[in-house]
Amino acid sequence: MTHPDLSLLTTVRADLENARRVLVVTGAGISAESGIPTFRGEGGLWEGHRPEDLANPAAFRQDPAKIWRWYRWRRGLCNDARPNPGHLALARFEARRLQDAGWTPEVGLADSPILLATQNVDGLHPRAGSQARVEMHGNIDTGRCTGCGAIAPLVENPKAPEAAVPACTDCGAALRPHILWFGESYWPGVLELCLHHAERADACLVVGTSGMVWPPVAIALRAKESGAKLIDVNPNPSQVTEAADHWLQGPSGVLLPRLLDP
Ligand code: OAD
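Sequence order as written defines the numbering, with residues in each chain counted from 1. Per-residue local features are limited, in this predicted model, to residues with pLDDT of at least 70; the limit for side-chain atom pairs, both in listing and counting, is 80 or more; totals at the level of whole chains, interfaces and linings are taken over all residues. Hydrogen atoms and water are omitted, and side-chain values are computed over all heavy atoms in the structure.

(A) Quick look at the overall build of the protein chain. Under the scheme used here, helices are H or I runs from DSSP no shorter than 4 residues and strands are E runs no shorter than 2 residues, and both carry numbers assigned from the N terminus. Within the protein chain, the secondary structure is distributed over nine helices and nine strands. Seen along its three principal axes, the alpha-carbon backbone of the protein chain occupies a region of about 55 × 40 × 30 Å. A buried classification covers 50% of the 262 residues belonging to the protein chain. Across the protein chain, contacts joining residues at least 24 apart in sequence account for 69% of those joining residues at least 6 apart. Accessible surface is estimated by sampling points in the Shrake-Rupley manner with a 1.4 Å probe; for residues, cover comes only from the protein chains shown. When the accessible surface of the protein chain is totalled, it reaches about 11900 Å², and 53% of it is carbon and sulfur. Charged residues are defined narrowly, with Lys and Arg counted positive, Asp and Glu counted negative, and His plus the chain ends left uncounted. A charge is said to be at NZ when it belongs to Lys, at CZ for Arg, at CG for Asp and at CD for Glu. Computing the positive centroid from 25 side-chain charges and the negative centroid from 29, the protein chain places the two 2 Å apart. Note on classification: 1.4 Å probe, protein chains only; a residue is buried when its accessible area is under 20% of the maximum for its type, exposed when over 50%, partly exposed between these limits. Residues count as neighbours in contact if any of their non-hydrogen atoms are within 4.5 Å of one another.

(B) Region of the structure containing the site of the ligand. As a matter of local geometry, the ligand sits amid 22 residues, with Ala 28, Arg 40, Thr 209, Ser 210 and Asn 234 nearest to it. Side-chain polar atom of Ser 210 to an oxygen atom of the ligand: 2.6 Å apart, as the coordinates give it. Starting from 800 Å² of accessible surface for the ligand in isolation, the protein chains cover 91%. The residue makeup of the shell around the ligand, split by class, is eight nonpolar, 12 polar and two charged. If even one non-hydrogen atom of a residue comes within 4 Å of a molecule or strand, that residue is called near it. Whenever two N or O atoms come within 3.5 Å, that pair is a polar contact, provided that in protein one can donate a hydrogen and the other can accept it, and provided that, for residues adjacent in sequence, both atoms are side-chain atoms. All residues other than Ala, Val, Leu, Ile, Met, Phe, Trp, Tyr, Cys, Pro, Asp, Glu, Lys and Arg, Gly among them, are scored as polar; the first ten of these are nonpolar and the last four charged.

(C) Summary view of helix α5 (residues 85-101). Under the 1.5 Å per step criterion, the end-to-end length of α5 is 24 Å for 17 residues, consistent within 8% with the ideal 24 Å. Summarising the contacts, the buried residues of α5 are in contact with α1 (6-18), β1 (22-26), β2 (114-118), α6 (124-128), β7 (203-207) and α9 (252-260). The positive-phi residue at the C-terminal boundary of α5 is Gly 102, with phi of around 65°. Expected helix span is computed as 1.5 Å times (number of residues minus one).

(D) Up close: the sheet that holds strand β4 (residues 138-145). When DSSP locates at least two bridges between a pair of strands, those strands are taken to pair. Taking strand neighbours across the sheet as the criterion, the three strands line up as β5-β4-β6 in an open arrangement whose pairing is antiparallel. Two strands bound the open sheet, and with one partner strand each, they are β5 (151-153) and β6 (175-179). Neighbour to neighbour, the strand axes of the sheet diverge by 45° on average, direction disregarded. Here β4 runs beside β5; their pairing, made up of three bridges, is antiparallel. Bridge pairing in β5 places Gly 143 opposite Ala 152. Geometry is summarised by axes, namely lines fitted to C-alpha atoms with helices restricted to the contacting stretch, and by angles between N-to-C directions that run from 0 to 180 degrees. Across the sheet, helix α4 (residues 64-80) touches β4 and β6, and the angle it forms with β4 is around 140°.

(E) Geometry of the side chain of Glu 135. Residue placement: Glu 135 occurs in strand β3 (residues 133-135). Any carboxyl oxygen of Asp or Glu that lies within 4 Å of a side-chain nitrogen of Lys or Arg is treated as forming a salt bridge with it. Buried charge Glu 135 goes without a salt bridge, the closest partner of opposite sign being Arg 133 at 4.3 Å. Excluding residues within four positions of it along the chain, Glu 135 makes contact with Thr 118, Asn 120, Gly 123, Pro 126 and Trp 187.

(F) Inspection of the packing of aromatic side chains at higher detail. Stacked, tilted and edge-to-face are the three classes assigned to paired rings of Phe, Tyr and Trp, where Trp is represented by its six-membered ring and a pair needs centres within 6.5 Å; plane angles under 30 degrees give stacked, over 60 edge-to-face, the rest tilted. Across all of its chains, the model carries three aromatic pairs by this definition. One aromatic cluster is present, built from ring pairs that chain together Phe 60, Trp 70, Tyr 71 and Trp 181. Only lysine NZ and arginine CZ atoms are considered, and such an atom sits over a ring when it is within 6 Å of the ring centre and within 35 degrees of the ring normal. The ring of Phe 39 is capped by Arg 74, whose NZ or CZ atom sits 4.6 Å from the centre of that ring. The ring centre of Trp 181 lies 3.8 Å from the NZ or CZ of Arg 176, which sits over that ring.

See the structure below:
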């Protein structure tokens, strides 16, 4: 529904206005209108591979150069992309709430009146200006050493053809993308922070995720169990739609400005 029923939009706006604390969970769909293919939709495949077959430690051990080719391709797309009206509307909404609450980064994320928990590694939320955020699955512009564990921004040009597997400047071991892969545990503190917000949120806005990766759905469901209104923004039904109090059916780049801007 790219023209959602006005009364539904009014109801959801009121739920958000009445919420003292808000949790936002985003997935690949919010970046679709920036030209970044979603994982499971059309164009989500890379050279015939499913993401699950590439984004895992065994695939990296077997053929690190292939995994780096995939990530360089994705990193090039992400770096060329621009935040779309959905990212920007969320950032404005967040900024108003943070300002009203007098929140600054020194206060810390646990005490923020809003938390943006994104599964996206594309960096478009930070580039849109979102501050109170956690990138649950990492960031595509960051690498991690497989030897000493050092984490550092990637300096290589993602478009360099046939580039070698990058090496750690400290110890020389191979770098891997600092991205959470299938079969790996969330980094310490990430789920705890999200659940802390889920248990305190009065509204939980879920945008552009299929919910095929379970922890982000579990966070949204925890928010609902704890009393939050659950709102799903997605053109297609997702794993949260059934549990949602409201489904705003349509593209987030169209719906979020209408929902969130004053
Ligand atoms: P998916 O590709 O599984 O799902 C994308 C969702 O976005 C679908 O539900 C679409 O209907 C929806 N969508 C498409 N266009 C949209 C638009 N314009 N506006 C809003 N929604 C739209 O992506 P995720 O759910 O984010 O994990 O995938 C979760 C995780 O699986 C990813 O973070 C990644 C992946 O494998 C790891 O790499 C660990």
